[in-house]
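Given next are the chains, with one letter for each unit.
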Amino acid sequence: MKAGQRKTAHTPLARSELPVDTAALARFLIGKLLVRELPEGAAIGRIVETEAYVIGDAAGHAYGGMTPRVRALFLERGHAYVYLAYGVSWMLNISSETKGVGTGVLIRALEPLEGIAIMASNRGTGRLRDLARGPGRLAQALRIDRSLDGLDLCRKGPLWLARDDQEPSEIGKGKIGESVRIGISRDAAWVAILS
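Note on numbering: residues in each chain are counted from 1, in written sequence order. Where local features are concerned, this predicted model is filtered to residues with pLDDT of at least 70; where side-chain atom pairs are given and counted, the filter is 80 or more; whole-chain, interface and lining totals use all residues. Note that the side-chain values use all heavy atoms of the structure and ignore hydrogens as well as water.

## Some remarks on the overall build of the chain
Point 1. Secondary structure is summarised from DSSP: a helix means a run of H or I of at least four residues, a strand means a run of E of at least two, and numbering begins at the N terminus for each. A tally of regular secondary structure across the chain gives three helices and nine strands.
Point 2. When the elements of the chain are put in sequence order from the N terminus, they spell out β-α-β-β-β-β-β-α-α-β-β-β.
Point 3. Relative accessibility thresholds used throughout: buried, under 20% of the residue-type maximum; exposed, over 50%; partly exposed, between the two (1.4 Å probe, protein chains only). Out of the 195 residues in the chain, the part that is buried amounts to 49%.
Point 4. Restricting to contacts in the chain with at least 6 residues of sequence separation, those with at least 24 account for 63%.
Point 5. When the accessible surface of the chain is summed, it comes to about 9,100 Å², and 53% of that surface belongs to carbon and sulfur atoms. Residues are treated as being in contact if the distance between any of their heavy atoms lies within 4.5 Å. All accessibility values rest on the Shrake-Rupley procedure with a 1.4 Å probe; residue burial counts only the protein chains present in the view.

## Some remarks on the nonpolar core
Point 1. Within the largest apolar cluster, 33 residues are counted, with the highest numbers of intra-cluster contacts made by Leu29, Leu34, Leu92, Ile107, Leu110, Ile144 and Leu161.
Point 2. For this core, the leading source of residues is helix 1 (residues 22–29), giving four residues.
Point 3. If we ignore the near neighbours within four places in the chain, the residues touching leucine 161 are Thr11, Pro12, Leu13, Leu29, Leu33, Leu34, Ile47, Ile94 and Leu153.
Point 4. Remark: nonpolar core denotes a set of buried residues (Ala, Val, Leu, Ile, Met, Phe, Trp, Tyr, Cys) joined through side-chain atoms within 4.5 Å. In this structure, Ala62, Leu75, Tyr81 and Ala85 belong to the second largest nonpolar core, which totals 13 residues.

## Focus: the packing of aromatic side chains
Point 1. Planes of paired rings set the category: under 30 degrees apart is stacked, over 60 is edge-to-face and the rest tilted, where pairs are Phe, Tyr or Trp rings (Trp by its six-membered ring) whose centres lie within 6.5 Å. Per the stated rule, a full pass over the model turns up one aromatic pair.
Point 2. Ring centres of tyrosine 81 and tyrosine 83 lie 5.3 Å apart, and the angle between their planes is 25°; on these two criteria the pair is classed as stacked. The pair formed by tyrosine 81 and tyrosine 83 is uniform in burial state, with each residue classed as buried.
Point 3. Whether a charge sits over a ring depends on NZ of Lys or CZ of Arg being within 6 Å of the ring centre and within 35 degrees of the ring normal. We note lysine 32 situated over the ring of phenylalanine 28; from NZ or CZ to the ring centre the distance is 4.1 Å.

## A look at the confidence of the model for the chain
Point 1. Confidence scores per residue from the predictor, reported as pLDDT, run from 0 to 100. Of all residues in the chain, 81% have pLDDT values of 70 or greater, and the mean over the chain is 86.
Point 2. Summarising per-element confidence for the chain, the mean pLDDT is lowest in strand 9 (residues 191–194) (50) and highest in strand 2 (residues 33–38) (98).
Point 3. Across residues 1–5, confidence stays below pLDDT 50; counting only partners more than four residues off in sequence or on other chains, it has nine contacts.
Point 4. Low confidence marks residues 169–173, where pLDDT is under 50. Its contacts with residues over four positions away, or in another chain, come to seven contacts.

Here's what the structure looks like:
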């Protein structure tokens with residue numbers, strides 16, 4: 001961090017606030033903030049789209065059991081699981097349920113709020129609409145990669161979850177919708193949460 005820059009004053013989410021149920025956590029995270037602390041400053045976005053990978057979900061990375069690659073999905077809720085999709089894009093999931101249960105919530109899209117110039121530079125585009133819509137774009141905008149895998153998102157650090165003073169009813173005019181999941185073939189009818 002450069003001299004004269006301040007760390008964000010937002011409040012981290014406490015683990016005790018996070019619902020233990022994966023689908024409930026996917027809904028809860030809508031409207032919350034994802035904060036990325038970078039050397040040049042903070043880049044912050046409001047979570048507007050999530051996708052739940054619940055217990056027994058054949059499309060979930062934890063479906064086959066714990067391996068070193070998916071270990072973070074089996075951590076206590078509120079930890080980062082970061083993986084490379086199709087050898088191209090990093091994706092950020094948040095572990096859910098209790099320790100030892102492999103489930104997670106994919107963060108699919110953000111509304112950029114702060115550090116927009118940082119996100120634009122990371123993405124190579126100045127189009128606000130294209131900065132963080134889609135899980136690969138948001139990971140690129142926030143410079144999320146495998147080095148953040150397993151990170152505790154319930155305390156300030158390089159990447160963390162936060163809240164602000166905006167009420168959930170103000171997010172997306174209070175309308176939270178659901179759709180079938182996007183871009184997968186197994187258990188595709190399970191839910192994506194949209195604001």
